[in-house]
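Summary of structural features
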Amino acid sequence: MNLNIRLPEKITTYAILTALSALLGAPLLYVFSIALASDESTYLAKFTLIPHEFHFENFIRIFQLDLNFSRFFLNSLTLVIFAMIGQIISSSMVAYGFARLRAPGKNFLFIVLLSTMMIPGEVTMIPSFILFRYLGWINTLLPLIVPNFFTNAFNVFLLRQFISRIPAELDEAAQIDGLGFFGIYSRIILPLIKPALIAIGIFTFTWNWGWFMGPLIYINDFNKAPLALGVQILSATSTSSQVPPWNMVMVGSMLLTLPMLLVYFFGQKYMDEFGVIGGSSAIK
Amino acid sequence: MKKREALWFYIMVSPWVIGFLVFTLGPMIYSLYLSLTNWDLFNPPKFIGIQNYINLLTKDHIFWKTVGNTFYYGFISMFLGMAASLGIAVLLNKPLKGMRTYRTLLYIPATVPVVASSLLFIRLLAPDAGLVNRFLALFGINGPPWLLSPVWVKPALILMSLWGVGGGVTLLLAGMKGIPNEFYEAAAIDGANSRQQFQYITLPMLSPVIFFNLVMGLIGSLQTFTEVYIVTGGGPNNASKMIVPYLFDNAFRWYKMGYASAIAWVLFLIALVFTALVFRSSNMWVYYESEVKKS
């Protein structure tokens, strides 16, 4: 890159970026404005970009609706925490196996693993639904949680790359000291890949927190719904006026977005590291 | 020793192997069988051969419409998204103050879950009171009725996808940071201007990232569901109905499990063909550092 940037170029760069930020930021301000609107303004759909009403009590009212939003929130939290635990345990085990251990059939299995990345989840959707229905798991979080304990190809692939970069001499030294294969995995490898495991946790969080289709298929009982489904239910439950309660819907949307923002801000450094891996070197 | 190592390998990879058999291979075989039956979930499945596929491919106009809509939406949103994120990444990669702040600002919309952004865009795109049309009115433009119009409903969804453009920017920016500065310095000494530097250094060096985004974006856009389900419901007049929402309707609204399974398999084949095409073409335009270009 040219290190001496001339003044006109500087000004245009800042101008374009500021205009873009305003353009992409305006909808966020609009969410805030609608969330703070009174019920009357909502009924008349009179919303402004800059908030002109400040009904902060809406943020408390959301938890007092007929739809139990604290319950939705807890359901989402349960789903996401178990999904993260499942993915971290299972994908680190599988990745260690593929990165370090030798066995007949390993390469074949790895090719199968890679090819499953290309299969759209919709192909297995109907049989999975039938399986979980047969097990009596409809209206529970189990169909959404349990598959996470069996990894996914993407996480295995990323972690395997990460483990491969650890010098193999470490394993050999540990072996001479009498550590078995499981000991190497749990005492040598796991502590060394902690940043990668956190990144896997973050990915799993972001994939599951806002997930809509899975909950929509498996959960009909309003009390069992995760937040993403709960917010949609709120928007679809027409009030007596036949207008969605937009102010409450936007409060719910903010509630849904907030954890994603927090994870982004606190997890950014781990994601950056993986952005590079996931983006370029992973596919070499 | 060797035997024990092999044994531990199978133990360690067993979560994936079991998961693959129970949640992928088994369901795929069963789904292939179901696609050859007529089944309403309550009575026993009735074997009807390839009748579902014949109906789907030759008689079902709505299905072909959903395929067309999915391609329309997928290609345009992916192309525009890629172009926009490349442009933004180039700007953000300049050694200027405050770029981190801009990067964060532009990324925030990408963290908003699709359910939330879908609900938001219903409001944003409202014909009279919506923010988008009020913004256009500032320039004297009479905004279209967006979600109510069969012509404008797909551009509306594309507009919505562009709001999350910051997600792609992050990946490209990470790739750009990895390009050695010496390349640009050498080019500058040879008198290359910024446009030439972009064309002959940045773009080729980034091609693996672009390729990765392209493959993932392609498979992702084929699976578009939530936006359609919440924002448009597929309407008006199926103008925004896409493959997966149609599959969902067949399976979980009309309980046509066999027919829905056939749709799933056609979707799978489409995804395979596209991925294969992208991979085949990749030799022509993706440049890997380790390779020496034959001239």
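All values derive from a computational prediction rather than experimental measurement.

This paragraph deals with the overall build of chain B. Tallying secondary structure elements over chain B gives 13 helices and 2 strands in all. With the C-alpha coordinates aligned to their principal axes, the bounding extent of chain B is approximately 75 × 75 × 35 Å. Residues counted as buried form 38% of the 295 residues belonging to chain B. Considering only contacts within chain B whose residues lie at least 6 apart along the sequence, 67% involve residues at least 24 apart.

Once that is clear, we can look at the overall build of chain A. Looking only at helices and strands, chain A features 14 helices and 0 strands. Each helix (α) and strand (β) of chain A, taken in turn from the N terminus, gives the series α-α-α-α-α-α-α-α-α-α-α-α-α-α. Its C-alpha radius of gyration of 24 Å places chain A more than 25% over the 19 Å reference for a compact globule of 284 residues. Along the three orthogonal principal directions, the C-alpha set of chain A runs to about 75 × 65 × 35 Å. For chain A, the residues scored as buried account for 41% of the 284 residues in total. When contacts within chain A are restricted to residue pairs at least 6 apart in sequence, long-range pairs at least 24 apart make up 71% of them.

Burial within helix α12 (residues 243-253) of chain B is extensive, with 8 of its 11 residues counted as buried. Within the sequence span of α12 of chain B, burial applies to I243, V244, P245, Y246, L247, F248, N250 and A251 of chain B. The inward-facing, buried residues of α12 of chain B abut α6 (125-134) of chain A together with α3 (61-92), α10 (194-222), α11 (226-232) and α13 (257-285) of chain B. Remark: Y255 of chain B follows α12 of chain B within two positions and exhibits a positive phi of approximately 50 degrees.

On to the interface of chain A and chain B. Counting residues at the interface gives 76 residues for chain A, matched by 76 residues for chain B. Going through the elements one at a time, α1 (7-35), α4 (69-100), α5 (106-116), α6, α10 (181-192), α12 (213-218), α13 (227-236) and α14 (246-279) of chain A are the ones with two or more residues in the side of chain A that touches chain B. At 14 residues, the largest contribution of residues to the side of chain A that touches chain B is made by α1 of chain A. Here the residues of the side of chain A that touches chain B are counted per class, giving 52 nonpolar, 18 polar and 6 charged.

To continue, consider unusual backbone geometry. Going from G235 of chain B to P236 of chain B, the amide bond is cis rather than trans, its omega being -10 degrees. Mapped onto the elements, P236 of chain B comes out in the loop between α11 and α12. Positioned with a positive phi, T151 of chain A is a non-glycine residue whose angle comes to about 60 degrees. You can see T151 of chain A is positioned in the loop between α7 (142-145) and α8 (153-164). For N238 of chain B, which is not a glycine, the phi torsion comes out positive at approximately 60 degrees. Residue position: N238 of chain B is located in the loop between α11 and α12.

Here we take up the domain arrangement of chain A. Accessible area lost on assembly of the parts is the figure often given for the size of an interface. Residue and element names in this part refer to chain A. As far as domains go, chain A holds domain 1 (7-56) and domain 2 (66-283). Look at where the C-alpha atoms of domain 1 and domain 2 centre, and you get two points 33 Å apart. With 7 residues of domain 1 in contact, the opposing surface of domain 2 contributes 9 residues. Broken down by secondary-structure element, the contributors of at least two residues to the side of domain 1 that touches domain 2 are α1 and α2 (39-43). Residue composition of the side of domain 1 that touches domain 2, by class: 5 nonpolar, 1 polar and 1 charged.

Bringing the nonpolar core into the picture now. Of all hydrophobic cores here, the largest spans 118 residues; its most connected members are V156, L159 and V231 of chain A together with V115, L247, I263 and A264 of chain B. Element by element, the count of residues in this core is highest for α4 of chain A, at 13 residues. Residue assignment places this core across two domains, with domain 1 (7-56) and domain 2 (66-283) of chain A each supplying three or more. Aside from chain neighbours lying at most four places away, what touches V156 of chain A is S91, V94, A95, F98, L113 and T151 of chain A together with W16 of chain B. Core analysis: the next-biggest nonpolar cluster, separate from the first, contains 19 residues, L17 of chain A together with V169, L173 and V286 of chain B among them.

Another aspect to go through is α8 of chain A. All names here are of chain A. Helix length check: α8, at 12 residues, gives a terminal C-alpha distance of 16 Å against a target of 16 Å (1.5 Å per residue), a fit within 8%. Along α8, 10 of the 12 residues are buried, which leaves the element largely enclosed by surrounding structure. The set of residues buried in α8 consists of A153, F154, N155, V156, F157, L158, L159, R160, F162 and I163.

What follows is about the environment of F149 of chain A. Topologically, F149 of chain A is positioned in the loop between α7 and α8. A count of 16 C-beta atoms within 10 Å places F149 of chain A in the partly exposed class. Between the alpha carbons of F149 of chain A and A95 of chain A there is a distance of 14 Å; along the sequence they are 54 residues apart. Ignoring any residue separated from it by four or fewer positions in sequence, one finds F149 of chain A in contact with G86 and S90 of chain A together with P15 of chain B.

All names here are of chain A. With respect to the element layout, E57 can be found in the loop between α2 and α3 (58-61). With 10 C-beta atoms counted inside 10 Å, the residue E57 sits in the exposed group. Separated by 21 residues in the primary sequence, E57 and L36 place their C-alpha atoms 8.3 Å from one another.

Turning our attention to the packing of helix α8 (residues 166-177) of chain B against α10 of chain B. Residue and element names in this part refer to chain B. One way to put it is that α8 packs onto α10 with a least axis distance of 9 Å and a crossing angle of 140 degrees. Taken together, the axes of α8 and α10 are oblique relative to one another. The two elements α8 and α10 meet at a crossing, and its hand is right-handed. Facing α8, whose interface residues are G168, L171, L172, G175 and M176, α10 presents T202, L206, V209 and N213. Among the residues making up the contact of α8 with α10, the classes are represented as 5 nonpolar, 4 polar and no charged.

Averaged over every residue, the pLDDT of chain A is 88; the share at 70 or more is 92%. Note that residues 276-284 of chain A has pLDDT below 50 and, in this model, 22 contacts with residues that lie over four places away or in other chains.

What follows is about the confidence of the model for chain B. Overall, the predicted model of chain B reaches an average pLDDT of 89, with 97% of residues at or above 70. Scoring the predicted complex yields pTM 0.89 and, for the interface, ipTM 0.89.

Scoring rules and cut-offs
Residues numbered from 1 in each chain as written. Chains lettered and ligands numbered in written order. Predicted model: local features only at pLDDT ≥ 70, side-chain atom pairs only at ≥ 80, totals over all residues. Helix = DSSP H or I, 4+ residues; strand = E, 2+ residues; numbered from the N terminus. Buried ≥ 20, exposed ≤ 12 C-beta atoms within 10 Å, placed from the backbone. Contact = placed C-beta atoms within 7 Å. Rg over C-alpha atoms; globule rule 2.2 N^0.38 Å. Nonpolar A, V, L, I, M, F, W, Y, C, P; charged D, E, K, R; others polar. Domains from an automatic or database assignment. Core = buried A, V, L, I, M, F, W, Y, C linked by C-beta atoms within 7 Å. Expected span 1.5 Å × (residues − 1). Axes fitted to C-alpha atoms, helices over the stretch in contact; angles between N-to-C directions. Parallel < 35°, antiparallel > 145°, perpendicular 65-115°, else oblique. Left-handed = near helix turned anticlockwise from the far one by under 90°. pLDDT = per-residue confidence, 0-100.

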